[in-house]
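Remarks on the overall topology
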Amino acid sequence: MDRKVKRLRWGLLMAIGLVSAALIAGKMKSAWDDMSHDPAETVAILLADKYIPAFTVIQPEDVRAAEIPKIFVPPGTLGSVQELKNESGQKIFVSAVAIPQDHPLTRTLLIDASRGEALGALIGPGRVAVSFELDRARGVGGWIKPGDALAIFTSSALKPRLLFSSMLVLAVDSERLGEKKNKSATSSSEITMPPAFYGENGAHTITVLAWAREAPMLMEARDAGSLSVVLRSPGDDRPWPAEK
């Protein structure tokens, strides 16, 4: 009796599998038939031109445009390089996860920094925002902008030591990554010169994105007053070797 029940179960499972396979095949055939009816119906999308690490500002040089059949376009895929910037020219997308090379750039993989006013919207699980002050000499002459990547050094006995090789700048003073600027307040001097330093000690407040485990080291160096930074090239995510 048990053997008959098992055979009946296997028969039902095979029937369900055959029906499912037939349905899938039918959908695929329908999709290919649609393509054969209009093979020229393609859509431009953006693909990752290289491996993009998590929590990296998406730069135009990180992507490439491609034409693919419309029926294969994932929902929420970016279609042009122009979508990477807001009206002020700021980069507005940050990778929420690591994106493999040749993978479509979809909004499910990206953080849109232009949406929402809270800085916390840019911080993913396990990440924190940490702030520190830098004067002009230690802060690249005042040229640091939200979205830049900084290598952070700490000095001990007048000898600089690499603390972190690359950290994303979330904000400079009250200017947040992806925030629209007031065009009427922009002058030619602001475009050609670095921003003025604020505060009684003539320093900028820099807020960076860090892993939770990195925050204590950064805060310790900050409180010791020994931080300096260098500005890294956009898209340069190669780690620097720590000093031995």
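Here we take up the overall build of the protein chain. Counting secondary structure elements, the protein chain contains three helices and 10 strands. The linear arrangement of helices and strands in the protein chain, starting from the amino end, is α-β-β-β-β-β-β-β-β-α-β-α-β. Each of the 244 residues in the protein chain was classed as buried or not, and the buried ones make up 33%. Considering only residue pairs separated by 6 or more positions, the protein chain has 73% of its internal contacts joining residues 24 or more positions apart. Working note: accessible area of the protein chain is about 15000 Å², and carbon and sulfur atoms make up 59% of it.

Relative to the helices and strands, Arg213 resides in the loop between β9 (204–211) and α3 (215–223). For Arg213 and Arg127, which are 86 residues apart along the polypeptide, the C-alpha to C-alpha distance reads 8.7 Å.

Further remarks concern the pattern of salt bridges. Scanning the entire structure with this criterion turns up seven salt bridges. Of the charged contacts, one joins Glu41 and Lys70 as a salt bridge, the two residues approaching to 3.7 Å between their closest N and O atoms. You can see Glu41 sitting in the loop between α1 (2–37) and β1 (42–48) and its partner Lys70 sitting in the loop between β2 (63–69) and β3 (93–95), a full 29 residues away along the chain. The class for Glu41 is partly exposed, based on a relative accessible area of 38%.

The complete set of buried residues in α3 reads Ala215, Leu218 and Ala221. Projected down its long axis, α3 shows its buried positions confined to an angular sector of 135°, all on one face. Exposed and facing more than 90 degrees away from the buried side of α3 are Glu220 and Asp223. On its buried face, α3 sits against β5 (127–134), β6 (149–156), β7 (159–172), β9 and β10 (227–231). One or two positions beyond α3, positive phi appears at Gly225, with a value near 70°.

Counting residues in hydrophobic clusters, the biggest one holds 19 residues, and the most contacted among them are Phe132, Ile144, Ile152, Ile206, Leu218 and Leu227. At the level of secondary structure, the elements contributing two or more residues to this core comprise β5, β6, β7, β9, α3 and β10. Per element, the largest residue contribution to this core is five residues, and it comes from β7. With 13 residues, the next largest nonpolar core counts Leu78, Leu84, Ile92 and Leu105 among its residues.

Moving on, we come to the environment of Gly225. As for its placement among the helices and strands, Gly225 is situated in the loop between α3 and β10. Each C-alpha atom, one on Gly225 and one on Phe132, is 9.3 Å from the other, the two residues being 93 residues apart in sequence.

Counting through the fold element by element, Thr77 comes out in the loop between β2 and β3. Residue class for Thr77 comes out buried when judged on its relative accessible area of 17%. For Thr77, the side chain forms a polar contact with the main-chain oxygen of Pro74, separated by 2.7 Å. Dropping the residues within four chain positions of it, Thr77 is found in contact with Ile45, Leu46, Pro104, Leu105 and Thr106.

Each aromatic ring pair is described using two quantities: the centre-to-centre distance and the angle formed by the ring planes. Applying the stated rule across the entire model yields one aromatic pair. With a centroid separation of 6.5 Å and 85° between ring planes, the pair formed by Phe55 and Trp211 is classed as edge-to-face. A residue pair is termed long-range when its members are at least 10 positions apart, and Phe55 in the loop between β1 and β2 and Trp211 in strand β9 qualify at 156 residues. For Phe55, a relative accessible area of 10% corresponds to the buried category. For Trp211, a relative accessible area of 31% gives the class partly exposed. Stacked on the ring of Trp211, the Lys or Arg Arg127 has its end atom at 3.8 Å from the ring centre.

A positive phi is found at Val140, a non-glycine position, where the angle reads about 55°. Checked against the element boundaries, Val140 lands in the loop between β5 and β6. Phi angles above zero are rare outside glycine, and Asp173 is one such case at about 55°. Here Asp173 shows up in the loop between β7 and β8 (175–176). Since its relative accessible area comes to 27%, Asp173 is described here as partly exposed.

So, about the environment of Leu46. If you trace the backbone, Leu46 turns up in strand β1. In this structure Leu46 touches Val63, Arg64, Ala65, Thr77, Leu78, Gly79, Ser80, Val81, Leu84, His103, Pro104 and Leu105, once residues within four positions along its chain are discounted.

This part is about the confidence of the model for the protein chain. The predicted coordinates of low-pLDDT regions are not to be read in fine detail. Per-chain confidence: the protein chain averages 77 in pLDDT, with 70% of residues scoring 70 or above. Confidence drops under pLDDT 50 across residues 183–193; counting only partners more than four residues distant or on other chains, this segment forms five contacts.

What counts, and at which threshold
- Residues numbered from 1 in each chain as written.
- Predicted model: local features only at pLDDT ≥ 70, side-chain atom pairs only at ≥ 80, totals over all residues.
- Heavy atoms only, no water.
- Helix = DSSP H or I, 4+ residues; strand = E, 2+ residues; numbered from the N terminus.
- Buried < 20%, exposed > 50% of the residue type's maximum accessible area, 1.4 Å probe, protein only.
- Contact = heavy atoms within 4.5 Å.
- Areas by Shrake-Rupley, 256 points an atom, 1.4 Å probe, with all protein chains shown as cover.
- Salt bridge = Lys/Arg side-chain N within 4 Å of Asp/Glu carboxyl O.
- Arc of directions from axis to C-beta.
- Core = buried A, V, L, I, M, F, W, Y, C linked by side-chain atoms within 4.5 Å.
- Polar contact = N/O pair within 3.5 Å; in protein donor to acceptor, adjacent residues only side chain to side chain.
- Phe/Tyr/Trp six-rings, centres within 6.5 Å; stacked < 30°, edge-to-face > 60°.
- Lys NZ or Arg CZ within 6 Å of the ring centre and 35° of its normal.
- pLDDT = per-residue confidence, 0-100.

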